[in-house]
Structure formats: structure tokens, C-alpha cells
Amino acid sequence: MKWLAILFAFLLLLIIVLADMGALPHFLQVWNDLPYGDKAGHFILYGILTLLVDLALFGARPNQSRKWLAITSGLILALLIGLEEFSQRYFADRTFSLKDLAASYLGVIFFSWLALRIARLGLQR
């Protein structure tokens, strides 16, 4: 699970760098044309990252409180997501949006809850 989380984080970083350069591939630009597609993208992508990080932490630290791990990782991710969203003010092709930030944070919260449910039900490998 750890490697999957790392690979997904690199994929997100690649998407961010391409967006900052104004060079997103067409299939990713299509999301922006859909109503609330950008918000859904924030929710889903940052949510999946949160889920993978949480499940990796649960597996790596089985003796620690899962709630504490989820809260701690969620707060760290929220800080990094906030910094990334704020940094968009400095790129010509990007715009800072509180709605994007809210969608990202909702993704972190929902997928943290989902990770805790998965761990509680024993569905984690």
C-alpha cells in the first residue's frame, strides 16, 4: 500500500506541475468543461491520496490509534493542499479558489472516514 500511495502522490505532483505550466493533457482539461468537474476532481484525487496514505500508515503502524493517524495525516495533507492552492496565485494559467480548496478538504475528510471504516471492517490488505 505504501508504494501505491507514493506512486499516486507522484501522479498528483505531475498533474500539478503540468497545470502550473499550462500543459495539462486534453483528457484532463475535459474535467474543467463539466459542471463542477474541477471540484469533483479535487475531491476525488485528494481523497484517493488521503485514503492510500491512511491505509499505508495503518499498516505501517498497527499499534497506534488509527483515528490519530488519520487526523494527523489529514491535517498534514490539508496544509500541503492549502499551500498548493494558494501558490496558484503566482501562475498565469491558474486561479486560487476557495471552492476548490473546500472540495479538496471535503475529499480529505470523507476518504479519511472511509479509510477508518475499511480498517474497522478488516477490508485492508
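Residues numbered from 1 in each chain as written. Predicted model: local features only at pLDDT ≥ 70, side-chain atom pairs only at ≥ 80, totals over all residues. Heavy atoms only, no water.

Draft legend 1. Summary view of the overall build of the protein chain. In terms of regular secondary structure, the protein chain is built from five helices and zero strands. Helices and strands appear in the protein chain in the N-to-C order α-α-α-α-α. On C-alpha atoms alone, the protein chain measures out to a radius of gyration of 15 Å, which is about the 14 Å that the 2.2 N^0.38 rule sets for 125 residues. Counting only C-alpha atoms, the protein chain reaches 45 × 25 × 25 Å along its principal axes. Taking all 125 residues of the protein chain together, the buried fraction comes to 37%. A fraction of 70% describes how many contacts in the protein chain between residues 6 or more apart in sequence connect residues 24 or more apart. Taken as a whole, the protein chain presents about 8200 Å² of accessible surface, with 71% of it coming from carbon and sulfur. The positive charge centre, built from 11 side chains, and the negative charge centre, built from 8, are 17 Å apart in the protein chain. (Helix = DSSP H or I, 4+ residues; strand = E, 2+ residues; numbered from the N terminus. Rg over C-alpha atoms; globule rule 2.2 N^0.38 Å. Buried < 20%, exposed > 50% of the residue type's maximum accessible area, 1.4 Å probe, protein only. Contact = heavy atoms within 4.5 Å. Areas by Shrake-Rupley, 256 points an atom, 1.4 Å probe, with all protein chains shown as cover. Lys, Arg positive; Asp, Glu negative; His and termini not counted. Charge placed at Lys NZ, Arg CZ, Asp CG, Glu CD.)

Draft legend 2. Here's a closer look at the side chain of Asp100. Topologically, Asp100 is positioned in helix H5 (residues 98-121). Excluding its chain neighbours within four sequence positions, the residues that come into contact with Asp100 are Asp38, Lys39, His42 and Glu85.

Draft legend 3. A look at the packing of helix H3 (residues 37-60) against helix H4 (residues 66-87). Interhelical geometry of H3 versus H4 gives an angle of 145° and a closest axis separation of 10 Å. The handedness of the crossing between H3 and H4 is right-handed. Contact residues: H3 offers His42, Tyr46, Leu49, Thr50, Val53, Asp54, Leu57 and Phe58, while H4 offers Arg66, Leu69, Ala70, Ser73, Leu77, Ile81, Glu84 and Glu85. Each residue belonging to the contact of H3 with H4 can be placed in one class, and the counts come to nine nonpolar, three polar and four charged. (Axes fitted to C-alpha atoms, helices over the stretch in contact; angles between N-to-C directions. Left-handed = near helix turned anticlockwise from the far one by under 90°. Nonpolar A, V, L, I, M, F, W, Y, C, P; charged D, E, K, R; others polar.)

Draft legend 4. View of a nonpolar patch on the surface. There is a patch of nonpolar side chains on the surface, built from Trp3, Ile6, Phe10 and Leu13 and spanning about 460 Å² of accessible area. On the secondary structure map, Phe10 appears in helix H1 (residues 2-20). (Patch = residues over 30% accessible without salt bridge, like charges linked within 9 Å, V, L, I, M, F, W, Y side chains within 5 Å. Salt bridge = Lys/Arg side-chain N within 4 Å of Asp/Glu carboxyl O.)

Draft legend 5. The side chain of Arg94, seen in detail. Structurally, the position occupied by Arg94 is in the loop between H4 and H5. Residue classification places Arg94 among the buried positions, given a relative accessible area of 16%. Within the structure, Arg94 has its side chain in polar contact with the side chain of Asp20 (distance 2.5 Å). Ignoring anything within four residues of it in the chain, the contact list for Arg94 reads Ile16, Ala19, Asp20, Glu84 and Gln88. (Polar contact = N/O pair within 3.5 Å; in protein donor to acceptor, adjacent residues only side chain to side chain.)

Draft legend 6. Region of the structure containing the pattern of salt bridges. This model, assessed by the stated rule, comprises four salt bridges. Between Lys39 and Asp38 there is a salt bridge, with its nearest N and O atoms 3.8 Å apart. Overall, the relative accessible area of 25% leaves Lys39 in the partly exposed class. The exposure class of Asp38 is partly exposed, given its relative accessible area of 26%. Here Asp100 ties to Lys39 by a salt bridge, and the two come within 2.9 Å at their closest N and O atoms. You can see Asp100 sitting in helix H5 and its partner Lys39 sitting in helix H3, a full 61 residues away along the chain. One network of salt bridges, in which partners are shared, links Asp20, Glu84 and Arg94.

Draft legend 7. The arrangement of the environment of Arg66 in detail. Residue placement: Arg66 occurs in helix H4. A residue is classified by how much of its surface remains accessible, and Arg66, at 39% relative accessible area, is partly exposed. In the structure, Arg66 is positioned 23 residues away from Arg89 in sequence and 35 Å away in space, judged by C-alpha atoms. Setting aside anything within four residues of it in sequence, one finds Arg66 in contact with Phe58, Leu116, Ala119 and Arg120. Looking at Arg66, its side chain comes within polar contact range of the main-chain oxygen of Ala119, at 3.3 Å.

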